[in-house]
Amino acid sequence: MSKAFASQADLQDKQITFEQLSPHCWAYTAEGDPNSGVIIGEKFIMVSDATATPAMAQDLIQRIRQVSDKPIKYVLLTHYHAVRVLGASAYVAEGATEVIASRGTYELIVERGAADMKSEMERFPRLFRGADTVPGLTWPTMVIGDGKPGRQGSLTVDLGGVKVEIWHPGQGHTRGDTIAWVEDEKVLFSGDLVEYEAGVYTGDAQLEEWPATLEALRALKAEAIVPGRGEAMKGNADVNKALDYTQRWVTTLFQAGKEAAAAGMDLKAAMAHTRKSMDPVFGHVFIYEHCLPFDVSRAYDEAKGIKNPRVWTAERDQEMWAALQS
């Protein structure tokens, strides 16, 4: 019997937590659903990851308004995926004038943003409630860096009493991943470069480069992290747990993909081979069965030399799912 496609059967609301991590930094998390981060200064507020629709963003805005009436001036796109960015227009009414993204993220929106929007809306019906409120693709007003990793292309934003440094630390979840770092408070907003106890979606990833990017994040010695999914982690030891979790997922997956490609397996056989190493360790976590076929497809492609991930369309999603989850 075929499994329900992606997250179409996941219709139960998750319990949301809005938690203060430091004097200026907050985490908006929801039991494995996509997280957002909030940095509240004396003059302005920044939101990292905007939610999937303007309608869904209203809950986050309401929680912010319980603690601050300052303008939400900045919205950071940690990467291009629709579930993270299409809610950005909701913040205009709250004072947003700048949408920030890396050069790589901007290029990915141009290249595949429209296909990704249609694809993700069909994968996550619960997260795209109020899809009719989305005015279209979210485009950055500030594009930072030149696509090369490192802090030399960073942007520092002063929110009043707190400075946020934003840069592209390296490829991983996508080739445009962007982080926010509040150095004075040692709080990292990683986007989907880091997950904890949830599925790590790698369908558009650069798997070979991802571990080195995680080590660049580890070198920051953060004392708190808002990962893309999973609970916010507090204390450097727990931050490292999240980094280790993500690294284990990525390396285990890619190793299985390389073994499958080297053995001349087809994609369905590669899926069965990958399950042998992934299921015992990760099979229990949220959206595992959603992520795994997309992940195996990408690991198999990259192992066969396809460095630029193939575009996921709604049609390709369904074809792949029928082949691997039936």
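All values derive from a computational prediction rather than experimental measurement.

## What to know about the sheet that holds strand 13 (residues 233–234)
In sheet architecture, strand pairing relies on hydrogen bonds along the backbone and comes in two forms, parallel and antiparallel.
So, step 1. Taken in spatial order, the six strands make up an open sheet running 8-9-10-11-12-13, and their pairing is mixed. One side of each edge strand has no neighbouring strand; the edge strands of this open sheet are strand 8 (155–158) and strand 13.
So, step 2. Sheet topology places strand 11 (residues 187–195) next to strand 12 (residues 224–229); five bridges connect them, and they run parallel. Paired with Glu195 across the bridge in strand 12 is Arg229.

## Re helix 3 (residues 103–123)
So, step 1. Where helix 3 bends most, the angle comes to about 70°, and this point is Arg112.
So, step 2. Buried within helix 3 are the following residues: Gly104, Thr105, Leu108, Ile109, Arg112, Gly113, Asp116, Met117, Ser119, Glu120 and Arg123.
So, step 3. Buried-residue contacts for helix 3 involve helix 2 (82–85), strand 6 (98–102), helix 7 (288–303) and helix 8 (314–324).

## Notes on the side chain of Arg298
So, step 1. Here Arg298 shows up in helix 7.
So, step 2. Setting aside residues no more than four positions away along its own chain, Arg298 makes contact with Thr202, Gly203, Ala205, Gln206, Leu207, Ile306, Lys307, Asn308 and Pro309.

## A closer look at helix 1 (residues 54–65)
So, step 1. Over its twelve residues, helix 1 extends 16 Å from the first C-alpha to the last, a length consistent with the 16 Å expected when each residue adds 1.5 Å.
So, step 2. Along helix 1, the residues that are buried comprise Pro54, Ala57, Leu60, Ile61 and Ile64. Each buried residue of helix 1 sits inside an arc of 105° when the element is viewed along its axis, so together they form one side.
So, step 3. Elements that come into contact with the buried residues of helix 1 comprise strand 1 (17–20), strand 2 (25–30), strand 3 (33–40), strand 4 (45–48) and strand 5 (72–76).

## Topic: the environment of Lys276
So, step 1. Within the secondary structure, Lys276 sits in helix 6 (residues 267–282).
So, step 2. Sequence separation of Lys276 and Tyr106 is 170 residues, and the distance between their C-alpha atoms is 37 Å.

Conventions used here
- Residues numbered from 1 in each chain as written.
- Predicted model: local features only at pLDDT ≥ 70, side-chain atom pairs only at ≥ 80, totals over all residues.
- Heavy atoms only, no water.
- Pairing = 2+ DSSP bridges.
- Helix = DSSP H or I, 4+ residues; strand = E, 2+ residues; numbered from the N terminus.
- Bend = angle between axes of the 7 residues up to and from the residue.
- Buried < 20%, exposed > 50% of the residue type's maximum accessible area, 1.4 Å probe, protein only.
- Contact = heavy atoms within 4.5 Å.
- Expected span 1.5 Å × (residues − 1).
- Arc of directions from axis to C-beta.

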